[in-house]
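# Fold and geometry: a report
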Amino acid sequence: MTSRIEHISQQRREKLDRLRASGINPYPHRYHRTHTAQQAVDLLKQKEAGLSQAEELEAAVAGRITARRLMGKAAFIDIRDGSGKIQLLFQDIKQLDARRSELFDSLDLGDIIGVSGTLLRTRTGEPTIKVRDFTLLAKSLQPLPEKWHGLSDTEKRYRQRYLDLIANTEVRDIFQIRSRVISAIREFLNQRGFLEVETPALQPSAGGALARPFVTHHHALDQDFYLRIALELHLKRLIIGGFDKVYELGRAFRNEGISTRHNPEFTMLESYEAYADYNDIMNMLEEMVAGVCQQVLCKEEVEFEGNTISFKPPWRRINLREAVKEYSGIDFVQYPEVDLLRSRMEEMKIEVDPEKNWARLVDELISTFVEPHLLQPTFLIDYPVSMSPLAKTKPDNDRVVERFEAFAGGMELANAFTELNDPIEQRRRFVQQQKERRKEGEAETVDEDFLLALEYGMPPTGGLGVGIDRLVMLLTNQQSIREVILFPQLKEKP
């Protein structure tokens, strides 16, 4: 039995065939428009304000049909382009010649048309183009969702993002904000003397973070490569090579779980500054986020999940050990062995993965007990060395490294170190990390070329990683990371 949508689609194909048979090209190569919809509206406002002396204002616009209303001899059509919506007035459709009448009758919601005519405002106050000429630019063969102005099927929205963008103007607003956020970050870093660079996404070693990588095979080289899990090690090679400040905005890939805060493919900002430490990076991060928020949203605070979050510096700074002790009741320093810490957590009825090592158990304490309390921007500082193999220890405590994680809205936003630049110590930690990963059944490689580079000398360096997707979540009040990624990963339909 033919479904309703199949029936509509078939009708539209028949219209398409009739148009072609009558010599009308339903997919022309181009259309010269003089204004976007918003520019046409603004032009009308200028005339009404006395800023234009023209008796009549002419405009040629183009967009997708989103509404159609017949009122006697007249017809009103709404079209929408990337800038907004404008109404069209076909004053007397009965007077159209045969060719234009056939074209008009073939128009459906979703079609893209170009029109030219005179700008006016109707009695109801609606900015309108009184159509003199029109043409079809693209025939839509599939009907728009029934409620095109509010497509609500979440999975359909993600799988067919183009429909989501057509149907929900607020979704387009989110991605316009995302673009402006990225531009503002670039502007901030460029003004501070950072150089934007690009590093390989395919890497012979998976390093720079603790995460399971994606593996692919390069046939010409007959070699396995990893999709990068972080941007770090190549950027630090550039610091070694003599660049003092570098950054990259790029994709990273982690072959791990999917949740409202995790997507296997995500966007990271990583920056590295020679002769700086994690205190300098803390100051830079809070200044950058507050500045980006002000530039993009014209304010330094946002609403997120019913809470008002202020990014105005300075942000709160809390010692990690004290925070975990306060919110979980566990002083992890008193449980230096993995078995001891696991037993203590089990006593508290915390489900514990027996394969997790000590560092991952502490990380679980942070995510379970501490993160939910960090609604306002907060730096958790000074982490155990076993949790941070790429960070430099504190001068007065070789069991703690100079590392911070930044949180806001109850989720991690950024991670930063005073970078370890001792090649001997770095090799020792990499080897230890490799042993731990193998115990957990995961492969871990040591990046020998990075260790060799480090032996040539890297200056004291402050490094930063920021999750762009989560930052955009905060700035747009979205509770799922899929709402701020145009094409999130989804399980294939059966």
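Presented here is an overview of the structure given in this document. (Residues numbered from 1 in each chain as written. Predicted model: local features only at pLDDT ≥ 70, side-chain atom pairs only at ≥ 80, totals over all residues. Heavy atoms only, no water.)

Turning our attention to the overall build of the chain. The secondary structure content of the chain amounts to 14 helices and 19 strands. Oriented by its inertia axes, the alpha-carbon framework of the chain measures out at about 90 × 60 × 50 Å. Counting all 494 residues of the chain, 50% fall into the buried class. Excluding contacts between residues fewer than 6 apart, the proportion of contacts in the chain whose partners are at least 24 apart in sequence is 65%. Surface accessibility of the chain: about 24,600 Å² in total, with carbon and sulfur atoms responsible for 49%. In the chain, 68 side chains carry a positive charge and 77 a negative one; their mean positions are 7 Å apart. (Helix = DSSP H or I, 4+ residues; strand = E, 2+ residues; numbered from the N terminus. Buried < 20%, exposed > 50% of the residue type's maximum accessible area, 1.4 Å probe, protein only. Contact = heavy atoms within 4.5 Å. Areas by Shrake-Rupley, 256 points an atom, 1.4 Å probe, with all protein chains shown as cover. Lys, Arg positive; Asp, Glu negative; His and termini not counted. Charge placed at Lys NZ, Arg CZ, Asp CG, Glu CD.)

The next point concerns the state of the cysteines. A complete count under the given rule lists zero disulfides for this structure. Free of any disulfide, Cys-293 has its nearest neighbouring cysteine sulfur in Cys-298, separated by 9.5 Å. When its relative accessible area of 61% is taken as the criterion, Cys-298 is described as exposed. (Disulfide = S-S within 2.5 Å.)

This part takes up the sheet that holds strand 4 (residues 112–121). Within a beta sheet, neighbouring strands are joined by backbone hydrogen bonds and run either parallel or antiparallel to one another. Read around the closed barrel, five strands run 1-2-3-5-4, paired in mixed fashion. The mean inter-strand angle of the sheet, taken between neighbouring strand axes irrespective of direction, is 55°. Two strands pair when backbone bridges link them, and strand 1 (residues 58–71) and strand 4 are joined in this way by seven bridges, in the antiparallel orientation. Along strand 4, the bridge assignment pairs Ala-60 with Ser-116. Contacts from helix 3 (residues 98–105) reach strand 1, strand 2 (74–80), strand 3 (85–90) and strand 5 (127–138), with the element oriented near 85° to strand 5. (Pairing = 2+ DSSP bridges. Axes fitted to C-alpha atoms, helices over the stretch in contact; angles between N-to-C directions.)

Taken as a whole and assessed by the stated rule, the structure comprises eight aromatic pairs. Judged by centre distance (6.5 Å) and plane angle (85°), the rings of Phe-104 and Phe-134 are edge-to-face. With Phe-104 in helix 3 and Phe-134 in strand 5, the pair connects residues that are 30 residues apart, well separated along the chain. The exposure class of Phe-134 is buried, given its relative accessible area of 7%. When the centroid spacing of 6.2 Å and the interplanar angle of 50° are considered together, the rings of Phe-311 and Trp-315 count as tilted. (Phe/Tyr/Trp six-rings, centres within 6.5 Å; stacked < 30°, edge-to-face > 60°.)

With that settled, consider helix 8 (residues 278–297). A rise of 1.5 Å per residue sets the reference length of helix 8, with its 20 residues, at 28 Å; its end C-alpha atoms lie 28 Å apart and thus fit the reference within 8%. Restricting attention to buried positions, one finds in helix 8 the residues Tyr-278, Ile-281, Met-282, Met-284, Leu-285, Glu-286, Met-288, Val-289, Ala-290, Val-292, Cys-293 and Val-296. Looking one or two residues past helix 8, Cys-298 carries a phi angle of roughly 65°, positive in sign. (Expected span 1.5 Å × (residues − 1).)

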